[in-house]
Amino acid sequence: MTAATDGRRDVRDSVPPGAPAPLPRNRSPRPQFIAYLYMAPAVLLVGGLVLFPVFRVIGFSLYEWSGAGAATWVGLENYASMLRDPVLHRSILNALAFVVTYSFLPIVIGLVVAGIIGRYQLHAIPFFRTVLFLPQVTTVVAVGVAWRWMYSENGTINSLLSLIGIDAGTAWLGDFTWALPAVGLIGTWVMFGFCMILFLAGMAKIDRALYDAARVDGAGAVREFMTVSLPGLRPELTVAVVVTIIGALQTFALVYVTTAGGPGHATVVPGFLVYRMAFRAGDVGGASAVAVALTAVVFLVAIGLARLLREKD
Amino acid sequence: MTGSARREPRHRWCKVVTLTAAAALLAAACAPPGSDSDDSTESDEISTEVPDDEEIELVLAHFEEGGLGESIEQLVDEYESQHPNVTFTLQYDTFLDYGQSIRLRMSSDNPPDIAQAGQGYVMMGPLVDAGLLYPLDAYAEAYGWDERVPEGLLDQSRFLEDASGFGDGNLYGLALGGNMVGVYYNQDIADDLGLSLPLETLDDFTQAMETANDAGVLPITLGNLGGTRAGHILSILMSRYQDSDEMLEWIYGQDGADFDMPATREALDTFNGWVEAGHIPSGANGTAEEEALSDFIDGGSLFHISGNWNLADVAQGLDDAAGFMLLPPLAPDDPPRATGATTSPFGIHRDSEHRDVAANFLDFITSEEAAEVLNEGGYAPIASADTDAEETDATDVYGQFNQAFADVLAADGQTLYLDWSTATMGDTIFPVLQEFIGQNADADHVIETVQADWEAARG
């Protein structure tokens with residue numbers, strides 16, 4: 001107990017409030033030790049539950065291993081065969097298509113809806129906000145199954161289309177052209193509520209005086225949105241872009257529930273391939289290699305985007 | 001704001017991360033785990049006796065749901081009452097969870113004594129390869145399992161010791177029942193169309209579909225969203241055009257086997273004919289299995305091609321109108337063949353302390369004594385096929401299935417499933433067949449893609 005109390009006093013002493021003087025290094029090693037002790041629980045948790053599994057997966061990716069019994073060291077062979085796999089190439093293109101429907105569309109729709117809801121102070125706003133956010137809190141499995149029915153040959157979508165005279169008669173998820181956009185649009189539906197809530201929260205922070213000023217200058221709704229709301233939302237936009245793009249690249253559950261990658265390989269995504277290789281084909285090494293590559297790409301994209309959007313500030 | 005006072009702790013933080021990372025990397029460097037279990041100390045002596053002077057605890061892992069799971073529970077209870085010193089712990093998981101975890105559980109320090117291990121390269125193969133399953137051949141001989149079921153049924157659970165091929169080698173599991181794909185039909189619709197069912201030949205079948213189509217009735221409901229169902233259709237078509245032996249050679253992975261067989265081409269040709277004639281619904285690839293089944297039960301089509309896993313649903317849904325037949329053969333006197341197999345067999349862990357008792361239990365649950373319980377639970381009987389055939393009431397759909405199943409077993413006509421041929425075949429053949437029935441791929445492409453997977457798996 002005394003040691004801890006001493007330590008705390010030492011730390012305080014060495015950094016007097018309001019003094020930006022450099023921290024004297026190595027003068028007393030004890031306070032640092034105490035600091036590490038305080039950090040230990042967090043470091044152990046993160047290390048044990050996040051870093052250790054990550055490095056384990058990196059380790060797995062260098063072996064040929066079925067998940068049972070002995071593993072064989074193969075070096076980078078799993079990565080090499082991954083690059084040769086045409087299905088993986090297809091899955092990357094599909095993931096890029098999902099960036100449009102998971103990220104671009106939800107952000108645009110989220111901005112428009114937030115702009116409308118934020119401008120007109122209706123009494124029913126909490127209701128609309130809740131309803132529009134609901135897809136985000138519904139489990140993906142329920143969402144997937146519901147949309148699977150709606151997209152079926154005799155489903156809701158085709159009924160609605162026939163009301164306006166379009167007789168598609170397609171089972172959307174089984175169509176080689178339409179399956180990918182169809183699954184992607186479910187992503188749009190799920191993600192835009194999240195974007196909208198984010199933007200609404202951001203707009204609430206914008207100084208009302210700016211809107212008043214814009215109105216005095218004769219700006220209409222659109223102009224007002226472009227000159228006041230949009231620049232004010234930059235931090236929220238950054239968060240929305242990063243989160244939704246990570247979501248797009250990591251898609252798994254939605255594809256798994258709706259199409260399982262089909263028809264053919266029309267909707268296969270890297271996350272689904274990882275699952276399929278590890279748990280169905282018994283290729284834990286190959287699956288780990290894809291997972292590592294996917295993680296690296298997501299990591300780089302996220303960092304790059306965050307940088308890009310921040311620098312413009 | 002970027003003074004050195006702020007920077008230094010950050011550097012130190014980086015150091016901590018680096019150190020932790022390095023430690024983790026070191027740990028990871030020796031991953032993944034596992035050396036082959038040493039079987040040098042193993043004794044090969046077996047006994048069919050169950051000792052009654054010691055407490056014996058057995059863990060049984062399985063994924064059987066509903067009636068099938070209940071019949072296992074019931075048989076465990078019965079066995080426990082016959083041997084009061086034996087206690088079972090049942091570990092149930094859904095098929096999906098089970099498949100994901102069984103390898104790790106079997107290689108853990110505390111593995112189940114008895115575990116379900118599906119035939120082929122996906123489940124049983126890795127377990128055999130890792131030396132985790134005990135070969136049951138000595139037990140099979142001692143208990144006479146090979147006389148209990150047709151030889152071909154045991155072969156499905158045989159694996160070469162190095163796991164390079166199956167259908168041959170040591171016996172690693174024992175199955176409780178069977179499954180089989182055939183044609184369900186709606187008798188009411190058939191009556192309306194003036195068709196007399198069951199049909200004699202494949203040509204009659206195609207003719208019947210044309211009759212239905214002309215009358216504006218959908219010939220077949222097909223839910224191929226998951227991809228497996230088109231695989232079943234191709235597989236039963238292939239077995240019309242060749243002996244089951246030829247098909248099994250390819251599925252078991254025997255040297256020189258090739259998917260490019262005349263039978264494959266003829267089957268694909270016939271299948272394509274059905275697609276082009278509109279006998280197969282155009283939305284099949286976007287329709288879920290259960291959706292197609294419920295369409296059929298609602299009177300949406302004349303036929304529905306599926307297995308006995310849908311027997312209860314069809315019987316209940318169509319009632320008196322429900323019917324089942326094998327896909328008619330090319331010539332009326334061809335031997336009965338069908339896509340089908342035993343259910344996932346139960347194997348015994350190599351390190352089980354009580355493997356004699358475990359084997360005795362396997363003997364019990366596959367015995368004549370257990371057949372009735374299994375039958376009630378929904379297992380298509382394999383152990384007492386001929387005795388059951390006599391009692392069959394061929395007028396209801398259960399009776400029709402049991403009769404057809406017994407006929408196929410008697411002729412050793414089970415042709416297994418095409419996706420059993422390699423660990424990745426399901427992920428190869430199902431997508432390419434979706435392309436095929438969506439007319440995005442021709443027969444050549446199907447054959448090339450499938451055979452390439454088969455060859456890649458064999459180095």
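Quick notes on the rules
- Residues numbered from 1 in each chain as written.
- Chains lettered and ligands numbered in written order.
- Predicted model: local features only at pLDDT ≥ 70, side-chain atom pairs only at ≥ 80, totals over all residues.
- Heavy atoms only, no water.
- Helix = DSSP H or I, 4+ residues; strand = E, 2+ residues; numbered from the N terminus.
- Buried < 20%, exposed > 50% of the residue type's maximum accessible area, 1.4 Å probe, protein only.
- Contact = heavy atoms within 4.5 Å.
- Areas by Shrake-Rupley, 256 points an atom, 1.4 Å probe, with all protein chains shown as cover.
- Pairing = 2+ DSSP bridges.
- Axes fitted to C-alpha atoms, helices over the stretch in contact; angles between N-to-C directions.
- pLDDT = per-residue confidence, 0-100.
- Core = buried A, V, L, I, M, F, W, Y, C linked by side-chain atoms within 4.5 Å.
- Parallel < 35°, antiparallel > 145°, perpendicular 65-115°, else oblique.
- Nonpolar A, V, L, I, M, F, W, Y, C, P; charged D, E, K, R; others polar.
- Phe/Tyr/Trp six-rings, centres within 6.5 Å; stacked < 30°, edge-to-face > 60°.
- Patch = residues over 30% accessible without salt bridge, like charges linked within 9 Å, V, L, I, M, F, W, Y side chains within 5 Å.
- Salt bridge = Lys/Arg side-chain N within 4 Å of Asp/Glu carboxyl O.
- Left-handed = near helix turned anticlockwise from the far one by under 90°.
- Right-handed = clockwise from strand over helix to strand, strands pointing away.

Caption draft 1: Highlighting the overall build of chain B. Looking only at helices and strands, chain B features 20 helices and twelve strands. Out of the 459 residues in chain B, the part that is buried amounts to 56%. Across chain B, contacts joining residues at least 24 apart in sequence account for 79% of those joining residues at least 6 apart. Taken as a whole, chain B presents about 19,200 Å² of accessible surface, with 46% of it coming from carbon and sulfur.

Caption draft 2: Seen up close, the sheet that holds strand S1 (residues 56-62) of chain B. Residue and element names in this part refer to chain B. In spatial order, the strands read S2-S1-S3-S11; together these four strands make up an open sheet with mixed pairing. The open sheet has two edge strands with one neighbour each: strand S2 (86-92) and strand S11 (346-348). Taking the axes of each pair of neighbouring strands and ignoring which way they run, one obtains an average angle of 20° across the sheet. When strand S3 (residues 114-116) meets S11, the two strands line up antiparallel, connected through three bridges. The residue of S11 that forms the bridge with Ala 115 is Gly 347. Sitting on the sheet, helix H15 (residues 355-365) is in contact with S1, S2, S3 and S11, with an inclination near 165° to S11.

Caption draft 3: A look at the confidence of the model for chain A. Residues and elements named next belong to chain A. Model confidence for chain A is summarised by a mean pLDDT of 86, while 88% of its residues fall at 70 or above. Within chain A, no element has a lower average pLDDT than helix H1 (residues 2-14), which sits at 44, and none a higher one than helix H12 (residues 253-258), at 93. Low pLDDT, under 50, characterises residues 1-16; the predicted model gives this stretch seven contacts beyond four residues in sequence or across chains.

Caption draft 4: Broad picture of unusual backbone geometry. For the bond from Gly 262 of chain A to Pro 263 of chain A, the omega torsion is -5°, close enough to zero to count as cis. Residue Leu 197 of chain B is joined to Pro 198 of chain B through a cis peptide bond whose omega torsion reads -10°. Along the chain, Pro 198 of chain B turns up in the loop between helix H8 (187-193) and helix H9 (202-214).

Caption draft 5: Examining the nonpolar core more closely. The biggest cluster of nonpolar side chains holds 81 residues, and the ones touching the most others in it are Phe 205, Trp 250, Phe 271, Trp 274 and Phe 303 of chain B. Not counting residues up to four positions away in its chain, the partners in contact with Trp 274 of chain B are Leu 202, Phe 205, Thr 206, Met 209, Ile 220, Ile 233, Leu 237, His 279, Ile 280, Ile 305 and Leu 327 of chain B.

Caption draft 6: The arrangement of the side chain of Asn 224 of chain B in detail. Residues and elements named next belong to chain B. Of note, Asn 224 is situated in the loop between strand S7 (218-221) and helix H10 (228-241). By relative accessible area, which is 0% here, Asn 224 ends up buried. Setting aside residues up to four positions removed in sequence, Asn 224 forms contacts with Arg 229, Ala 230, Ala 284, Asn 285, Thr 287, Gln 434 and Ile 437.

Caption draft 7: Inspection of the packing of helix H10 (residues 221-232) of chain A against helix H11 (residues 234-250) of chain A at higher detail. Residues and elements named next belong to chain A. The N-to-C vectors of H10 and H11 enclose an angle of 60°; their axes lie 5 Å apart at closest approach. Classed by the angle they form, the pair H10 and H11 counts as oblique. Residues Leu 230, Pro 231 and Gly 232 of H10 form the contact with H11, whose participating residues are Arg 234, Pro 235, Glu 236 and Leu 237. The residue inventory of the contact of H10 with H11, partitioned by class, reads four nonpolar, one polar and two charged.

Caption draft 8: Molecular detail of helix H16 (residues 368-377) of chain B. Residues and elements named next belong to chain B. For H16, every residue scored as buried is listed here: Ala 370, Ala 371, Val 373, Leu 374 and Gly 377. Buried positions along H16 lie against helix H2 (66-82) and H15. Just downstream of H16 lies Gly 378, where phi reads positive at about 110°.

Caption draft 9: The packing of aromatic side chains, seen in detail. Residue and element names in this part refer to chain A. In the structure shown here, the tally under the stated rule is 36 aromatic pairs over all chains. The interplanar angle of 35° and the centroid separation of 6.3 Å between the aromatic rings of Phe 272 and Tyr 275 together place this pair among those described as tilted. Placement of the pair is Phe 272 and Tyr 275 together in helix H13 (residues 270-280), with a separation of three residues, close to one helical turn. On the accessibility criterion, Phe 272 (1% relative accessible area) is buried.

Caption draft 10: Representation of a nonpolar patch on the surface in the model. On the surface, a cluster of nonpolar side chains totalling about 560 Å² of accessible area is made up of Val 100, Phe 104, Val 108, Val 112, Ile 116 and Tyr 120 of chain A. Taking relative accessible area as the criterion, Phe 104 of chain A reaches 53% and is therefore assigned exposed.

Caption draft 11: Region of interest: the packing of helix H12 (residues 262-276) of chain B against helix H20 (residues 443-457) of chain B. Residues and elements named next belong to chain B. Running from N to C, H12 and H20 cross one another at 135°; their axes reach a closest spacing of 10 Å. By the angle between their axes, H12 is oblique relative to H20. The interaxial crossing formed by H12 with H20 has right-handed handedness. Each of Thr 264, Arg 265 and Leu 268 in H12 lies in contact with H20, whose residues at this interface are Ala 443, Asp 444, Val 446 and Ile 447. Of the residues assigned to the contact of H12 with H20, the class counts are four nonpolar, one polar and two charged.

Caption draft 12: Structural view of the confidence of the model for chain B. Residue and element names in this part refer to chain B. Mean pLDDT over chain B stands at 88; residues scoring 70 or higher make up 88%. In the predicted structure, residues 35-41 sits below a pLDDT of 50 and forms eight contacts with residues beyond four places in sequence or in another chain. A low-confidence stretch, residues 385-390 (pLDDT under 50), is modelled with seven contacts involving residues beyond four sequence positions or located in other chains. Scoring the predicted complex yields pTM 0.84 and, for the interface, ipTM 0.80.

Caption draft 13: Molecular detail of the environment of Pro 135 of chain A. Residues and elements named next belong to chain A. Inspection of the secondary structure puts Pro 135 in helix H5 (residues 125-137). Taking C-alpha positions, Pro 135 is 9.9 Å from Thr 188, a pair spaced 53 residues apart along the chain. When neighbours within four sequence positions are excluded, Pro 135 is seen to be in contact with Val 143, Trp 189 and Val 190.

Caption draft 14: Local environment of the pairing of S2 of chain B. Residue and element names in this part refer to chain B. Strand direction decides the pairing type here: S1 and S2, joined by seven bridges, are parallel. Residue Ala 61 lies in a different strand from S2, and its bridge partner there is Gln 91. With H2 bridging S1 and its parallel neighbour S2, the resulting β-α-β unit is right-handed.

Caption draft 15: Just the pattern of salt bridges, in detail. As enumerated under the stated definition, the model contains 14 salt bridges over all chains in all. Arg 84 of chain A is paired through a salt bridge with Glu 77 of chain A; the nearest N and O atoms lie 3.2 Å apart. Taking the relative accessible area as the measure of exposure, Glu 77 of chain A reaches 38% and is therefore partly exposed. Here Arg 276 of chain A makes a salt bridge to Asp 427 of chain B, at a shortest N to O gap of 3.5 Å. Taken together, the residues Arg 276 of chain A in helix H13 and Asp 427 of chain B in helix H19 (residues 425-437) connect one chain to another. Taken together, the shared-partner salt bridges connect Asp 137, Glu 151, Asp 155 and Arg 158 of chain B into one network.

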